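# Coordinates in review
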Amino acid sequence: MNRETINTMLKQMEEEGVETVRLQFTDITGTLKSIAVTPAKFAMLKEEPFFVDGTFLAGRDGEDGVELMLKPDPSTFSILPWKSQPGNVARLLCSLYKEDGTPFEEDSREVLKQAERRAAAQGFELSVRPECEFFLFHSDDDGRPTVVTHERAGYLDAHPVDLGENARREMVRTLEEMGVEVEASRHEISPGQHGIDLKRMGLVEAADGIVTFRSTVRSVAKRHGLHATFMPKPLGDAEGSGVHLHFTLCRDGKNVFAGEEKGGFSREAVWFVSGLLEHMKAMTAVSNPLVNSYKRLVSGTKAPTELCWSSRRENCLLRIPPVRGARTRVEFRGADGSANPYLLLALCLEAGLDGIANRMEIPEGTVLGRLPENLGTALSYFQEDEFVNKTLGEPLCRRYAACRQEEWLSYERQVTPWELREYLYRY
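Residues numbered from 1 in each chain as written. Predicted model: local features only at pLDDT ≥ 70, side-chain atom pairs only at ≥ 80, totals over all residues. Heavy atoms only, no water.

As annotated in an unreviewed UniProt entry, the protein is Glutamine synthetase family protein from Candidatus Lachnoclostridium stercorigallinarum. According to its UniProt record, the protein has this under Sequence similarities (unreviewed entry): "Belongs to the glutamine synthetase family." (UniProt positions renumbered as here; feature names shortened; annotations may be inferred.)

Put into structure tokens, the structure is as follows:
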């Protein structure tokens, strides 16, 4: 940031009564981290960059001496619409840099920026419209989250059946105030489940938007005495929550997916979805990164399980929706809200462009197998895939795999109440 940009923000902070500036970034898992500074300290960032100890960030536990510089992105500056005490709070999202001023190779935001630059060098620009699903549950008397909802609303039900409508409306208004534009909101299939669609954006803007969305939704829900969760499968007898990504690829301002061939979409659209399918097994450890993610991806639900694409099947993993012309797009339906959006979008961009570069053509409806059935299997594909390693970088891939492998091994050692109920007496 130059001095003029900093001074412009400082002037707005003074006018808005800002007393705290939150410098935010995501760790390797996509978890939002934050450190608060005063406006006076923020004013000195040009001369005195702000460093954080990266030792205990996810994936780096125990490594001493990791100093990371926060480089705020002025395009993400906003005043938080809520406050719990006197004085307003501003926030900026940051990228991570090393002490010598070079980008930190394990910063997922920088990985996505580099992927976009490589695509731009080929003349391509990918944009995305995210559809995000989540549950609203009640908190108990001590403020702890439960899995209790008092409503019985279903898909597109309205007030008064939809008891979360007021909270959802405030979420939309708050997001708009923070610069994240919303296209639509609705009640989803399961009781207590909701969906909010963000506008179409460039990939870095979209990843920033998803991070902001998660934080905002949870903050607004708490003000209503509710707990918002993006956990993929919080209830065994209800549909899980996912994130649907609607991609549009342009070259020279023209939608590459639009075409006059049979079906009304281009060969490039087929190559793009084929590239995604080719690398999907390895990408699943990023698009579905939790043990719980794979309890959503099971047969008999609305979630996809087969590796295939279609222009007709609504529940397919990858589909080309029936709109045509300039609105022709590719929809990826497999991801969930626990994914690191920066890494996920970088992989989707590179996989799709790899399909175009190599003219991969998987026929519509062809089933290449199934998505990995658990996190352990997904990690095996992730670690063995050269494409993923090249896209995300070897250091990031190594740490990401180690972080998720620790989670998987911890899960495997657990003895669940179901096992005790089924086996303790019988055997």
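### Describing the packing of aromatic side chains
Tallied over the entire structure, the rule returns 11 aromatic pairs. Ring geometry for Phe-247 versus Phe-272: centroids 6.3 Å apart, planes at 55°, classification tilted. Here the residue Phe-247 occupies a position in strand β12 (residues 243-251), and Phe-272 occupies one in helix α6 (residues 267-287), the gap between them amounting to 25 residues. Summarising the burial analysis for this pair, Phe-247 and Phe-272 share the class buried. Relative to Trp-309, the ring of Phe-265 lies with its centre 6.0 Å away and its plane at 80°, an arrangement referred to as edge-to-face. Of the two residues, Phe-265 sits in the loop between β13 (254-255) and α6 while Trp-309 sits in strand β14 (residues 309-310), which places them 44 residues apart along the sequence. (Phe/Tyr/Trp six-rings, centres within 6.5 Å; stacked < 30°, edge-to-face > 60°. Helix = DSSP H or I, 4+ residues; strand = E, 2+ residues; numbered from the N terminus. Buried < 20%, exposed > 50% of the residue type's maximum accessible area, 1.4 Å probe, protein only.)

### Brief notes about the pairing of strand β1 (residues 18-26)
Taken together, the 6 bridges between β1 and strand β6 (residues 88-97) define a ladder with parallel strand orientation. Pairing of Val-21 across the sheet is with Ala-90, part of β6. With 6 bridges joining them, β1 and strand β2 (residues 32-37) adopt antiparallel strand pairing. Counterpart to Val-21 in the pairing with β2 is Val-37. Counting the residues between successive antiparallel strands, the hairpin from β1 to β2 contains 5 residues, one of them, Gly-30, with a positive phi of roughly 90°. (Pairing = 2+ DSSP bridges.)

### Re unusual backbone geometry
Omega for the peptide link from His-159 to Pro-160 comes to 10°, which places this bond in the cis form. In this structure, Pro-160 sits in the loop between β7 (124-138) and α4 (165-177). The backbone phi angle of Leu-156 is positive, close to 65°, even though this residue is not glycine. Among the structural elements, Leu-156 can be located in the loop between β7 and α4. The phi dihedral of Arg-359 falls on the positive side, at around 50°, and the residue is not glycine.

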